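Given next are the chains, with one letter for each unit.
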Amino acid sequence: MQIESTNGSYRESDVQALAVAVFKDEKCEEGLLQDLDSITGGAIKSVIDSEELKGKEGETVYLHLIGNTQLKAQRLLLVGVGERSEYNAARASQMAGTAVRELRGKNARSIAIAPRLEGNADEVGSAVVEGALMSVFDPDKYRTVDKEKREIEKLVVVLAGADETKLQSGAERGKIIGESVNFTRDLANEPGAYMTPTDMSERAREIATEFGLTIDVLDEARMEKEGMGSLLSVSHGSDEPAQLIILKYTPAGAAEDGNELLAFVGKGITFDSGGISLKPGDNMELMKYDMTGGATVMGAMRAIAQLKPSIPVLGVVPCAENLPSGKATKPGDVVRAMTGKTIEIINTDAEGRLILADAIAYAKKLGATTIVDMATLTGAVSIALGDVNTAVIGTDQELIDEIIAAGKEAGEKFWQLPLDPEYSKQIKSDIADIKNVGGRKAGTITAAAFLKEFADGVSWAHLDIAGTAWCEEAKPYRAKGPTGVAVRTLVRMVARAEAKSQGSDGE
Ligand code: BES
Ligand code: ZN
Ligand code: ZN
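Keep in mind the model is a prediction, meaning the values are calculated, not measured. (Residues numbered from 1 in each chain as written. Chains lettered and ligands numbered in written order. Predicted model: local features only at pLDDT ≥ 70, side-chain atom pairs only at ≥ 80, totals over all residues. Heavy atoms only, no water.)

### Things to note about the site of ligand 1
Quick reminder of the rule: One heavy atom suffices: a residue is near a molecule or strand as soon as one of its heavy atoms comes within 4 Å of it. N or O atoms within 3.5 Å of each other form a polar contact, as long as, within protein, one can give a hydrogen and the other can take it, and as long as residues adjacent in sequence are counted only when both atoms are side-chain atoms. Each residue receives one of three labels: charged for Asp, Glu, Lys and Arg, nonpolar for Ala, Val, Leu, Ile, Met, Phe, Trp, Tyr, Cys and Pro, and polar for the others, Gly being one of them.
Around ligand 1 there are 16 residues in total, and Lys279, Asp290, Asp349, Glu351 and Gly379 lie nearest to it. Between an oxygen atom of ligand 1 and a side-chain N or O atom of lysine 279, the distance comes to 2.8 Å. Residue threonine 376 places a main-chain N or O atom 3.4 Å away from a nitrogen atom belonging to ligand 1. Counted by class, the shell around ligand 1 contains 5 nonpolar, 4 polar and 7 charged residues.

Structural data, given as structure tokens:
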């Protein structure tokens, strides 16, 4: 999809179809809608007066503009965006997604989008392009019959009167972010057979080479040397060797040993059968997406490498396949993590925390001072928050607040769960230092309490994306399947950290 932007009139865009935002209960008495109404011989007013379109979010009305000579586009899509007072970049992003998905379905090849959002043109441009690109992802990669081949060739973001440089740089950033979100979704969507730990490391090598990141991949022998008994215990049952992927972005001209290092750590279980504590068969196929935390880190690093912020960022992705076999770890076994802590394995299906424990410890060894880990960690988070909010839990309130604020900018919702010390009692073991499950109560929190054991001495937050990384039903702006949640938030978090570090430098 070729991306363009203009601060000129929507009339001039040389495209087949134009999509325009319409607010709730809006009358077309001013501005763009009134202009459009006069061009279309009163069609807009007629649609609004007949209440065919009330402007509710996600509503659409589609018109062919027969006989129109003033507008280059010959087709028009009106897209409801809800209350004007609540309209923001996140909603404009969804509006763009709805418009592109809908118009692609009508075989339009070139589209102009008028989001009608005032404010920072940079932010609006990015949000619209992100939404547009994310909307064209479909999970049907391996379908060979009856497959729609429709593609959007050109997209123009129209923001009349906007600062052109800002609009354009925003649109360019949106392209990088949108494509990186889809990269993450593509990995998450792959069957376990095509996305083994080794495949994950190959994909990581590809982005490192293409976009300029340094990469190191630890094989099992090196992990052994590091004493990563917790991570290695998960891959024992599989023929696929575990991999620990380390990606690093270093800004040009950075001092060799800066003090602050932000690290993203993501769970990369390429298939989670539960191991010896085998999962029930129902929906087990979905456990191919148990590497989404890792794919999210890789997607964010892919974007960061291109956006080139002035702060370094580390990406750590432990990958393993969790299968039962004669060699598999058993409930009751005790393993020793890299930090020396001993862990009693009560349930081999609580494997995500086992690989994250050593990955977090290794991120610390590499100098991380702030760690955000993300994982499809617990089924319990879906019970608590459904597919609407991602759970955030951690030891540094400022960091948690930053994630929530970056999420708001990105249009991704995070909800904090508590981490009182009392919860840690649930993971005390009779035979070892800790055990890997904390009983039925507060499952998402006790999983975080386990991770906390390995995140001492750094600023740390954990994102449980098990409920939000996969969407069972399609939205007007997005296909069902992998959502790519958190990539956009992480990228904005880095931008905010960069702005902060520049601010403090200047003081
Ligand atoms: N990968 C699962 C969590 C999960 C469940 C992700 C559903 C996405 C959808 C994780 O490894 C797991 O099995 N967790 C167990 C933990 C339990 C044994 C303490 C769970 O949530 O049931
Ligand atoms: Zn599991
Ligand atoms: Zn898992």
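### Quick notes on the pattern of salt bridges
Once the charged atoms of two side chains with opposite charge are near each other, the side chains can pair. Our working definition: When a carboxyl oxygen of Asp or Glu is within 4 Å of a side-chain nitrogen of Lys or Arg, the pair counts as a salt bridge. Each helix is a run of DSSP H or I of at least 4 residues and each strand a run of E of at least 2, with the numbering of both proceeding from the N terminus. Only protein chains enter the accessibility calculation, which uses a 1.4 Å probe; a residue whose area is less than 20% of its type maximum is buried, one above 50% is exposed, and one in between is partly exposed.
One pass over the full model with this rule turns up 34 salt bridges. Between glutamate 130 and arginine 488 there is a salt bridge, with the nearest N and O atoms lying 3.9 Å from each other. Placement of the pair is glutamate 130 in helix H4 (residues 121-135) and arginine 488 in helix H14 (residues 487-505), with a sequence separation of 358 residues. When sorted by exposure, glutamate 130 lands in the same class as arginine 488, which is buried. As a salt-bridge pair, lysine 341 and glutamate 453 come within 2.9 Å of each other at their nearest N and O atoms. Here lysine 341, found in the loop between strand S12 (334-336) and strand S13 (342-344), pairs with glutamate 453, found in the loop between helix H13 (443-452) and strand S18 (459-464); they are 112 residues apart in sequence, far enough to count as distant. Its relative accessible area of 21% is what places glutamate 453 among the partly exposed residues.

### A short note on the coordination of the zinc ion (ligand 2)
Our working definition: Counted as donors are N, O and S atoms no farther than 2.8 Å from the metal, or 3.2 Å for Na, K and Ca; water is not among the atoms, and sites may therefore look incomplete. Tetrahedral means four donors with every angle between 85 and 135 degrees, whereas square planar (four donors) and octahedral (six donors) require angles over 155 degrees between opposite donors and between 65 and 115 for all others; sites fitting neither are termed irregular.
For the zinc ion (ligand 2), the protein coordination sphere consists of Asp272 (OD), Asp349 (O), Asp349 (OD) and Glu351 (OE), at 2.0 to 2.2 Å. Taken together, the 6 donor atoms coordinating the zinc ion (ligand 2) and their angles of 71 to 167° define a geometry best described as irregular. All donors of the zinc ion (ligand 2) come from a single chain, and their spacing in sequence reads D-x76-D-x1-E. Taken as a pair, the zinc ion (ligand 2) and the zinc ion (ligand 3) lie 3.2 Å from each other and share aspartate 272 as a ligand. Taken together, the positions of aspartate 272 in strand S10 (residues 268-272) and glutamate 351 in the loop between S13 and helix H10 (352-365) put the pair 79 residues apart, joining distant regions of the chain. Exposure remark for glutamate 351: the relative accessible area of 1% places this residue in the buried category.

### Things to note about the pairing of S18
As a reminder of what qualifies: Following DSSP output, two strands are said to pair if at least two bridges run between them.
Of all 6 residues that make up S18, 6 are buried, and the element is covered over most of its length. Going residue by residue along S18, you find Ser459, Ala461 and Leu463 tucked away on one face and Trp460, His462 and Asp464 tucked away on the opposite face as well. Sheet topology note: the strand S14 (residues 370-375)/S18 ladder contains 6 bridges and is parallel. Residue pairing across strands places isoleucine 371 opposite tryptophan 460, the latter belonging to S18. Sheet topology places strand S15 (residues 390-394) next to S18; 4 bridges connect them, and they run antiparallel. Paired with valine 392 across the strands is leucine 463, a residue of S18.

### Some words on the coordination of the zinc ion (ligand 3)
Looking at the zinc ion (ligand 3), one finds its protein donor set to be Lys267 (NZ), Asp272 (OD), Asp290 (OD) and Glu351 (OE), positioned 2.0 to 2.4 Å from the metal centre. Viewed at the metal, the 6 donor atoms of the zinc ion (ligand 3) are separated by angles of 78 to 173°, and the geometry they form is octahedral. Here the donor residues of the zinc ion (ligand 3) are spaced in sequence according to K-x4-D-x17-D-x60-E.

### Examining the sheet that holds strand S6 (residues 154-158)
This is how it is decided: Between N-to-C directions, angles span 0 to 180 degrees; the directions come from axes that are lines fitted to C-alpha atoms, helices contributing only their stretch in contact.
Taken together, 6 strands build an open sheet; the order of strands is S1-S6-S5-S2-S4-S3 and the sheet is mixed. The open sheet has two free edges, formed respectively by strand S1 (2-6) and strand S3 (60-64), since each of these has just one partner strand. Sheet twist, expressed as the average angle between the axes of neighbouring strands with direction ignored, equals 20°. Relative to strand S4 (residues 75-80), S3 runs antiparallel, the two sharing 5 bridges. Within the sheet, the bridge partner assigned to valine 61 lies in S4 and is leucine 78.

### Describing the nonpolar core
What counts here: We call a set of buried residues a nonpolar core when its members are Ala, Val, Leu, Ile, Met, Phe, Trp, Tyr or Cys and they connect through side-chain atoms within 4.5 Å of each other. A contact between two residues is defined here by any heavy atoms of the two lying within 4.5 Å.
In this structure, Leu244, Ile371, Phe450 and Trp460 are the most contacted members of the largest nonpolar core, which totals 53 residues. Ranked by the residues each element gives to this core, the list is headed by H10, at 9 residues. Ignoring anything within four residues of it in the chain, the contact list for isoleucine 371 reads Ala263, Val265, Ile360, Ala363, Lys364, Leu399, Val458, Ser459, Trp460 and Ala461.

### Looking at the sheet that holds S13
By way of backbone hydrogen bonds, the strands of a sheet pair with one another, either parallel or antiparallel. Pairing is mixed in the open sheet, where 3 strands are placed in the order S12-S13-S17. Both outer strands of the open sheet, S12 and strand S17 (434-435), are each paired with one neighbouring strand and no more. Pairing of S12 with S13 involves 3 bridges; the strand directions are antiparallel. In the sheet register, arginine 336 faces S13, and the bridge partner there is threonine 342.

Any functional reading would require information beyond the geometric quantities listed.
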